[in-house]
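This is what each chain is made of:
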Amino acid sequence: AQQAITDQVKESKADRGYVIVQDTRTGQVLAMANSPGFDPNDLSKASSVNMGNAALQDAYEPGSTAKVMSMAAVLEQGVATPLTHVIVPNRLHRGDRLFKDDIDHETWYLTLNGVLAKSSNIGTILATGQLGKTQAQANQVLYSYLRKFGLGRYSGLDFPGETPGILAKPADWSTSQQYTIPFGQGVSLNAMQAASVYSTIANGGVRVEPTLVRGTKGPDGRFTPVAKPKEARVVSAKTAKTLAQMLESVVDDQEGTGTKARIPGYRVAGKTGTANRVDPATGRYK
């Protein structure tokens, strides 16, 4: 994991990258790697910026990887199915602005599955808008699912310096946040929280708190396992299975955005995500 993320950060000239490998059934964190890192044997050459654990300390906007939670809410609430038709215009007027997708396009005629596979922001706004009779109600429902998936609170690892991320209460969502949070902007998380969201879907809709320590061994050599991690059902097993199949189409389908993640001979489920970042010079999204 460490070598892979080091190579990838170098190749893509990224500021930073993280890898987390988690056993979805037990919650055990099998690997957690950051790049750039440092050599613990030679701290004199280490940059102070890289000496923490960025996978837990960095809060970042997840972009479209957050759409999995929006789709989970839509499926679980029964307001749409993977085959529900969604008409996606080139621009969508909501509040005080126009929203667009990653690319300019003619009107798309998609299914809900297609909205996820093509990662349509507009399609996601339209789908999550069905979660309530009013936008305020829809916001409240979506917020409840984001919280159940673990956003806006500590992951349960008890790692020093971990960020709980940033998730405002729905009453405090700005006009634009009401429509950007469903596609992963205006909300922040850490990499462990992101991994936990996908582990929850892979584990049949049950979130298992992540753990770093399996147990302790006393002076007598006797092994004492740690207490069982907390578990909570986030969505039904049926919703989780449906969503897992939709996430497979992101990688499998020719029209999907995650085709580079294919591994011959394996079933791979995943989601791409791109987010605008705030430019430190201007304080605006770019």
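Here the structure is shown first, and the text comes after it.
Residues numbered from 1 in each chain as written. Predicted model: local features only at pLDDT ≥ 70, side-chain atom pairs only at ≥ 80, totals over all residues. Heavy atoms only, no water.

Caption draft 1: Fine view of a nonpolar patch on the surface. A surface patch of nonpolar side chains, amounting to about 260 Å² of accessible area, comprises Phe38, Leu43 and Met51. Note that leucine 43 resides in the loop between strand E2 (29-35) and helix H2 (54-57). (Patch = residues over 30% accessible without salt bridge, like charges linked within 9 Å, V, L, I, M, F, W, Y side chains within 5 Å. Areas by Shrake-Rupley, 256 points an atom, 1.4 Å probe, with all protein chains shown as cover. Salt bridge = Lys/Arg side-chain N within 4 Å of Asp/Glu carboxyl O. Helix = DSSP H or I, 4+ residues; strand = E, 2+ residues; numbered from the N terminus.)

Caption draft 2: Representation of the side chain of serine 120. With respect to the helices and strands, serine 120 occurs in the loop between helix H4 (112-117) and helix H5 (121-128). There is a polar contact of 2.9 Å between the side chain of serine 120 and the backbone nitrogen of glycine 123. In this structure serine 120 touches Lys67, Val88, Asp101, Trp108 and Val115, once residues within four positions along its chain are discounted. (Polar contact = N/O pair within 3.5 Å; in protein donor to acceptor, adjacent residues only side chain to side chain. Contact = heavy atoms within 4.5 Å.)

Caption draft 3: Layout of the packing of aromatic side chains. A full pass over the atoms with the stated rule returns four aromatic pairs. Judged by centre distance (5.8 Å) and plane angle (20°), the rings of tyrosine 18 and tyrosine 60 are stacked. Here tyrosine 18 is found in strand E1 (residues 17-22), whereas its partner tyrosine 60 is found in the loop between H2 and helix H3 (67-76), with 42 residues between them in sequence. When the centroid spacing of 6.4 Å and the interplanar angle of 75° are considered together, the rings of phenylalanine 99 and phenylalanine 183 count as edge-to-face. Of the two residues, phenylalanine 99 is situated in strand E5 (residues 97-100) and phenylalanine 183 in the loop between helix H7 (177-180) and helix H8 (191-202); the sequence distance between them amounts to 84 residues. By relative accessible area, phenylalanine 99 is classed as buried at 6%. Owing to a relative accessible area of 8%, phenylalanine 183 belongs among the buried residues under this scheme. (Phe/Tyr/Trp six-rings, centres within 6.5 Å; stacked < 30°, edge-to-face > 60°. Buried < 20%, exposed > 50% of the residue type's maximum accessible area, 1.4 Å probe, protein only.)

Caption draft 4: Structural detail: the nonpolar core. By size, the foremost hydrophobic cluster in this structure holds 47 residues, and its most contacted members are Met69, Leu112, Leu151 and Leu243. Those elements that place two or more of their residues in this core are H3, strand E3 (85-88), strand E6 (108-111), H4, H5, helix H6 (135-148), H8 and helix H9 (237-252). For this core, the element with the most residues is H3, which contributes seven residues. The residues touching leucine 112, leaving out its near neighbours within four places in the chain, are Met71, Val74, Leu75, Ala80, Thr81, Pro82, Thr84, Val86, Ala127 and Met246. Membership of the second largest hydrophobic core comes to eight residues, among which are Ile20, Ala55, Leu157 and Met192. (Core = buried A, V, L, I, M, F, W, Y, C linked by side-chain atoms within 4.5 Å.)

Caption draft 5: A look at the layout of surface pockets. Of the volumes computed, that of the largest pocket is approximately 1700 Å³. Looking at the largest pocket, it is lined by 46 residues, and the ones nearest its centre are Tyr18, Val19, Tyr60, Thr65 and Lys271. Among the elements of the structure, helix H1 (2-11), E1, H8 and H9 are those that each provide at least two residues to the lining of the largest pocket. With seven residues, the single largest contributor to the lining of the largest pocket is H8. Among the residues making up the lining of the largest pocket, the classes are represented as 25 nonpolar, 14 polar and seven charged. As for the second largest pocket, its lining consists of 26 residues, of which Lys100, Asn121, Phe183, Gln185 and Asn276 are closest to the centre. (1 Å grid on protein atoms, 1.4 Å probe; cavity = no way out; pocket = protein on both sides within 12 Å on 5 of 7 lines; lining within 4 Å. Points joined across faces, edges and corners; volume = space filled by probe spheres on them. Nonpolar A, V, L, I, M, F, W, Y, C, P; charged D, E, K, R; others polar.)

Caption draft 6: Expanded view of the pairing of E5. Strand direction decides the pairing type here: strand E4 (residues 91-94) and E5, joined by four bridges, are antiparallel. For arginine 94, the partnering residue across the bridge sits in E5 and is arginine 97. Linking two consecutive strands that pair antiparallel, namely E4 and E5, is a turn of two residues; a positive phi of about 60° is found at glycine 95 within it. (Pairing = 2+ DSSP bridges.)

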